[in-house]
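# Inside the fold
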Amino acid sequence: MISKRIKKVPPSGIREFFDLVLGMPEVISLGVGEPDFITPWRIREKAITALEEGLTSYTSNQGLLSLRKGITNLLEKKYSLKYNPEDETLITVGVSEGMDLAIRAIIEPGDKVIVVTPYYVAYPALVEICCGKVIYLPTKEGDGFKINLGKLKSLLSQNPKAIILNYPCNPTGITYNRKELNQIWNILSKKDIVVISDETYDELNYDKAHVPFSSLNRKAKKKTILLNGFSKGYAMTGFRVGFACGDKEIISAMTKIHSYSMLCGPIISQIAAVEALRARKEIGQMQKEYKDRRNFIVKEFNRLGLSTVKPQGAFYCFSSVKKYKISALDFAKKLLLQEKVAVVPGTAFGEEFNSYIRISYANSLENLREAAARIERFLSKL
Ligand SMILES: Cc1ncc(COP(=O)(O)O)c(C=O)c1O
């Protein structure tokens, strides 16, 4: 019954591994990419009030105009980036739906899409589901997991239709400054290529201000589909709200698909998201906590010989287990069974990352301290 194309798509490496964790007591999970914070109260309260007032209908396909206006106002305030809320902005069901729509709107069967490795697990799968062809652009620890410009240039000779960028990055936490982004754009601008820029973690940037790809210049803006959402920075994963901003032709095509497949995002979540845009103090408090955790975990891991490039954003680090001459999967399985600490094997983010593990520090400092002590004990017995 199932199409060959779907059969070929592998299940998510993260989910597969975490099925092992389910039901194991006392596990400290550094696995899932989800904030450990509950959505700030003022946001939840708005959702409750909306329900009490009986706001339970569909919204327009594009989403509540008040939310679209709130988003474009914030983008202008933070990044001097202007999008029209009327026809250049679409509310999606998380960045997940935004990514799916962006790929479906632009890809013809056989079109090539560049995916930078290590990648967020959904990218290759979504391209393949859409009958596109993934071409990988590998990065390595020695380059700080940043895009190698020479390699990027050489891949462009294959005439890809699009490239998916993600910064701050899941799983490495690295990000790019304006100079680096301009260098990437200078190469991409030589070709007719769409940039799908997943900036889900823009609020979780610890050292320098985030620079949206579409803010580089007018041409880059026209070629870029900016994807973002409320799941991570606002601790609203379960609300399922994201947004896409871009050229009106692309947004209109994405809206067409969305209007048939999804109709609209949930109204309660959209109302809550309007409030989230005003909750700057609460967002700032979470950012500060993540930064303290990042500083702790990077120092600890490097001390333990798990070499870790300092992540500048998101809430992950991608650490090397090479020194211990063990595969990522064995490391993760043994650590889970012996010390009850769950991490994700790097191979979930690209098959060449067999000496890396991803850890998520979206967990309390107390748990991170305990996890680090357990990992130290585990390493001493390896
Ligand atoms: C890079 C990246 N993009 C997209 C998503 C999906 O986010 P959403 O909850 O907005 O669908 C995630 C979730 O882990 C992510 O890490």
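The notes below deal with the structure included here.

The rules behind these values
Residues numbered from 1 in each chain as written. Predicted model: local features only at pLDDT ≥ 70, side-chain atom pairs only at ≥ 80, totals over all residues. Helix = DSSP H or I, 4+ residues; strand = E, 2+ residues; numbered from the N terminus. Rg over C-alpha atoms; globule rule 2.2 N^0.38 Å. Buried ≥ 20, exposed ≤ 12 C-beta atoms within 10 Å, placed from the backbone. Contact = placed C-beta atoms within 7 Å. Near = placed C-beta within 6 Å. Pairing = 2+ DSSP bridges. Expected span 1.5 Å × (residues − 1). Arc of directions from axis to C-beta. Axes fitted to C-alpha atoms, helices over the stretch in contact; angles between N-to-C directions. Parallel < 35°, antiparallel > 145°, perpendicular 65-115°, else oblique. Left-handed = near helix turned anticlockwise from the far one by under 90°. Nonpolar A, V, L, I, M, F, W, Y, C, P; charged D, E, K, R; others polar.

Attention now moves to the overall build of the protein. Counting secondary structure elements, the protein contains 14 helices and twelve strands. In terms of overall dimensions, the protein is globule-like: its C-alpha atoms have a radius of gyration of 21 Å, near the 21 Å expected for 382 residues. Counting over 382 residues, the protein shows a buried share of 46%. Look at the contacts in the protein between residues 6 or more apart in sequence, and 74% of them connect residues 24 or more apart.

Turning our eyes to something else, we now look at the site of the ligand. Near the ligand, the surroundings consist of 13 residues, among which G94, V95, S96, N170 and S231 are the closest. The element contributing the most residues to the shell around the ligand is helix α5 (residues 94-106), with three residues.

What follows deals with unusual backbone geometry. The residue after Y167, namely P168, is reached through a cis peptide bond having omega -15°. When you line up the elements, P168 lands in the loop between β5 (162-166) and α8 (178-188). Of note, the bond from N170 into P171 is cis; its omega dihedral lies within 30 degrees of zero at 25°. You will see that C131, though not glycine, has its phi angle at about 70°, which is positive.

Here we take up the environment of L306. The residue L306 is located in the loop between α12 (280-303) and β9 (316-320) in this model. Assessed through the 25 C-beta atoms surrounding it within 10 Å, L306 is described here as buried. Linking L306 and G229, residues 77 residues apart in sequence, is a C-alpha distance of 32 Å.

Another point: the sheet that holds strand β12 (residues 356-360). If you trace the three strands from one edge of the open sheet to the other, you get β9-β12-β11, paired in antiparallel fashion. Among the strands making up the open sheet, the edge pair consists of β9 and β11 (344-345). Of the pairings in the sheet, the one linking β11 to β12 comprises two bridges and is antiparallel in character. Looking at β12, one finds that V344 is bridged to R358.

Each α-helix winds once per 3.6 residues, and so residues spaced three or four apart point in a common direction. Its 17 residues place the ends of helix α14 (residues 365-381) 25 Å apart at the C-alpha level, agreeing with the 24 Å of an ideal helix rising 1.5 Å per residue. Of the positions making up α14, those classed as buried are L368, A371, A372 and I375. Down the axis of α14, the smallest arc covering the buried residues is 105°, so these residues share one side. Of the residues in α14, the exposed ones pointing more than 90 degrees away from the buried face are E366, R377, S380 and K381. Close packing links the buried residues of α14 with β1 (28-29), α12, α13 (328-339) and β10 (341-342).

On to the packing of α5 against helix α6 (residues 122-129), then. It is the contact of α5 with α6, at a shortest axis distance of 10 Å, that shows an interaxial angle of 40°. Here α5 is positioned oblique relative to α6, judged by the angle of their axes. As α5 runs across α6, the sense of the crossing is right-handed. Contact residues: α5 offers S96, M99, D100 and I103, while α6 offers A122, L126 and V127. Within the contact of α5 with α6, the residues separate by chemical class into five nonpolar, one polar and one charged.

Now for the pairing of β12. The buried fraction of β12 amounts to five of the five residues, a majority that puts the element mostly inside the structure. Residue alternation in β12 divides its side chains into two sets, Y356, R358 and S360 and I357 and I359, and both sets are buried.

Next up on the list: the packing of α5 against helix α10 (residues 248-261). At their nearest, the axes of α5 and α10 sit 9 Å apart, and the two run at 110° to each other. With respect to their mutual orientation, α5 and α10 come out roughly perpendicular. Contacts between α5 and α10 involve L101, A102, R104 and A105 on the former and, on the latter, I250, A253, M254, I257 and H258. Looking at side-chain class alone, the contact of α5 with α10 contains seven nonpolar, one polar and one charged residues.

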